[in-house]
2 protein chains.
Amino acid sequence: MITLTEENYIKAIYHLGNNGEETVNTNAIAEVMQTKASSVTDMIKKLSEKKYANYKKYQGVTLTKDGRFVAVNIIRKHRLWEVFLVEKLNFSWDEVHEVAEHLEHIKSEKLINQLDAFLEFPKHDPHGDPIPDKEGNFQHIEKIVLAKAEIGAVYKCVGVDDTSSSFLKYLDSNNIGLGTIIKIKHKEPYDNSIKIELKDSEIVVSQNVAKNLYLKKV
Amino acid sequence: MITLTEENYIKAIYHLGNNGEETVNTNAIAEVMQTKASSVTDMIKKLSEKKYANYKKYQGVTLTKDGRFVAVNIIRKHRLWEVFLVEKLNFSWDEVHEVAEHLEHIKSEKLINQLDAFLEFPKHDPHGDPIPDKEGNFQHIEKIVLAKAEIGAVYKCVGVDDTSSSFLKYLDSNNIGLGTIIKIKHKEPYDNSIKIELKDSEIVVSQNVAKNLYLKKV
DNA sequence: AAATATTTTTAGACTAACCTAAAAATATTT
DNA sequence: AAATATTTTTAGGTTAGTCTAAAAATATTT
Ligand SMILES: [Mn+2]
Ligand SMILES: [Mn+2]
Ligand SMILES: [Mn+2]
Ligand SMILES: [Mn+2]
């Protein structure tokens, strides 16, 4: 049996370690989990005993194969529920994350596989993130961050890094969504802001925005 | 803040007390919650402090108005999710209860109201139980139990008391579902079994079955 | 390479939800 | 109305997940 709290730690370790590849340290986990480092140490020990994590004192933590599988499965559920909320229940993309944080812990194979079918096996969630299949496989989406885009080139928006409501609402208010086509007009060296051309407007976005919006060349 | 465990106790008290009307005693709660009486006492005290229950030592417990509202809301969520599972995800009526036990604790007003709309405001769940609206109101469904049906009369099946998978599968295997029309042929005084006529068969059901199937005269 | 700073772990405590065993209250028999 | 049985509560303990404060290990500066 795996608890809800254990699941959340595993997911945090997976994301912090760049999809379960790198070692993650205690303080980083404490920060995203909103707890103290000492609590994290306790939990890492437990995850290690349960064979979800590899842990050597003072040396950080990585996920085992089992741990990665747990993580990918929770992410699958999270993202499928996000699609459901947007596609079927008329949520907007800035409202789904919070609810999906809870729905992702419902344990029923049949539920999630039927949901997947009901949604017609979507490949990405409302933020452009890939949805793992039953076996835990998913494609890496090709994308670059707006901050590193070439001047003059034309791109399609394919994802966001920050999924906070405030960022997504900002994008909404500037008519930027997944699929939106933009052209890079100018990069301002002074503050790293970027001027982009949209369908019928031209706007300047801050470095902060430029670091959180993913693009693909068209 | 109300915990998942508190919610489950409140729901149990509501159901045991005949929709929050009657006093419920400690042992009865312990039985349905699968815990010990001493744990129940602890929890009742907590619910009483939080104003969800009225409690006098040794005198059993009733729900307050707040407590009943919590209960009805969880039941609303439970039953809407059951409808969703059957109508949209192709679950059968004997598979939904378990999953709904978890889904009923997801806390999001918007989620449940949108789900309600998506399902087109269903009035009952897959077991014939009424679904409370946003305000917590629901109609009492008129029904009698098969055990008390009149010989010779014709009825429609409108609900079940036992929602266990084994009972529901038994009904399935005998082609009895909600909406099925039956005629009462004979009551056997020896063991209280009842002979009923279906569309193209005649079967004898045990007292146990007769006590768990609800009917309405047609 | 020593001193200092940072990170991580340990030690000991707290709360929620549970347990067992014993005591107290209430209900039922005699 | 006593005696007995049943129900409920209390007392004290356990586990998961958290905390603070202090100790230990590692990293960075001087
Ligand atoms: Mn999300
Ligand atoms: Mn997402
Ligand atoms: Mn149910
Ligand atoms: Mn039901």
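Here's a quick rundown of the structure. (Residues numbered from 1 in each chain as written. Chains lettered and ligands numbered in written order. Predicted model: local features only at pLDDT ≥ 70, side-chain atom pairs only at ≥ 80, totals over all residues. Heavy atoms only, no water.)

## Here we look at the protein's contact with DNA strand C
Turning to step 1, where the next piece is worked out: The immediate surroundings of DNA strand C are formed by 22 residues, with Lys45(A), Tyr55(A), Lys57(A), Thr3(B) and Lys46(B) found nearest.
Turning to step 2, where the next piece is worked out: Of all DNA strand C atoms lying within 4 Å of any protein atom, the proportion belonging to sugar or phosphate reaches 77%.
Turning to step 3, where the next piece is worked out: In the environment of DNA strand C, a phosphate oxygen lies 3.0 Å from a nitrogen or oxygen atom belonging to the backbone of Tyr58(A).
Turning to step 4, where the next piece is worked out: Among the elements of the structure, helix 2 (26-33) and helix 3 (37-49) of chain A together with helix 1 (4-16) and helix 3 (37-49) of chain B are those that each provide at least two residues to the surface near DNA strand C.
Turning to step 5, where the next piece is worked out: In terms of residue count, the dominant contributor to the surface near DNA strand C is helix 3 of chain B (5 residues).
Turning to step 6, where the next piece is worked out: In terms of residue class, the surface near DNA strand C is made up of 6 nonpolar, 11 polar and 5 charged. (Near = heavy atom within 4 Å. Polar contact = N/O pair within 3.5 Å; in protein donor to acceptor, adjacent residues only side chain to side chain. Helix = DSSP H or I, 4+ residues; strand = E, 2+ residues; numbered from the N terminus. Nonpolar A, V, L, I, M, F, W, Y, C, P; charged D, E, K, R; others polar.)

## Details of the relation of the copies chain B and chain A
Turning to step 1, where the next piece is worked out: You can overlay chain B on chain A at an RMSD of 0.1 Å; the transform is a turn of 180° with a shift of 0.0 Å along its axis. Classification of the inter-copy transformation places it as that of a two-fold axis. For chain B, the residue whose C-alpha comes nearest the rotation axis is Leu103(B), separated from it by 3.8 Å.
Turning to step 2, where the next piece is worked out: Most of the interface of chain B is mirrored in chain A, where 100% of its interface residues again form contacts. (Least-squares fit on C-alpha atoms with pLDDT ≥ 70 in both. Contact = heavy atoms within 4.5 Å.)

## Considering the coordination of the manganese ion (ligand 4)
Turning to step 1, where the next piece is worked out: The manganese ion (ligand 4) binds to the protein through Glu82(B) (OE), Asp125(B) (OD) and His127(B) (ND1), with metal-donor distances spanning 2.1 to 2.3 Å.
Turning to step 2, where the next piece is worked out: Sequence positions of the residues that donate to the manganese ion (ligand 4) give the spacing E-x42-D-x1-H. (Donors = N, O, S within 2.8 Å, 3.2 Å for Na, K, Ca; no water.)

## So, the protein's contact with DNA strand D
Turning to step 1, where the next piece is worked out: Neighbouring DNA strand D are 22 residues, the closest being Thr3(A), Lys46(A), Lys45(B), Tyr55(B) and Lys57(B).
Turning to step 2, where the next piece is worked out: Of what DNA strand D places within 4 Å of the protein, 78% of the atoms are sugar or phosphate.
Turning to step 3, where the next piece is worked out: A distance of 2.9 Å separates a phosphate oxygen of DNA strand D from a polar atom in the backbone of Asn27(B).
Turning to step 4, where the next piece is worked out: Between DNA strand D and Tyr58(B) there is a distance of 3.0 Å, counted from a phosphate oxygen to a backbone nitrogen or oxygen.
Turning to step 5, where the next piece is worked out: Listed by contribution, the elements that provide at least two residues to the surface near DNA strand D are helix 1 (4-16) and helix 3 of chain A together with helix 2 (26-33) and helix 3 of chain B.
Turning to step 6, where the next piece is worked out: With 5 residues, helix 3 of chain A is the largest single contributor of residues to the surface near DNA strand D.
Turning to step 7, where the next piece is worked out: A breakdown of the residues in the surface near DNA strand D according to their chemical character gives 6 nonpolar, 11 polar and 5 charged.

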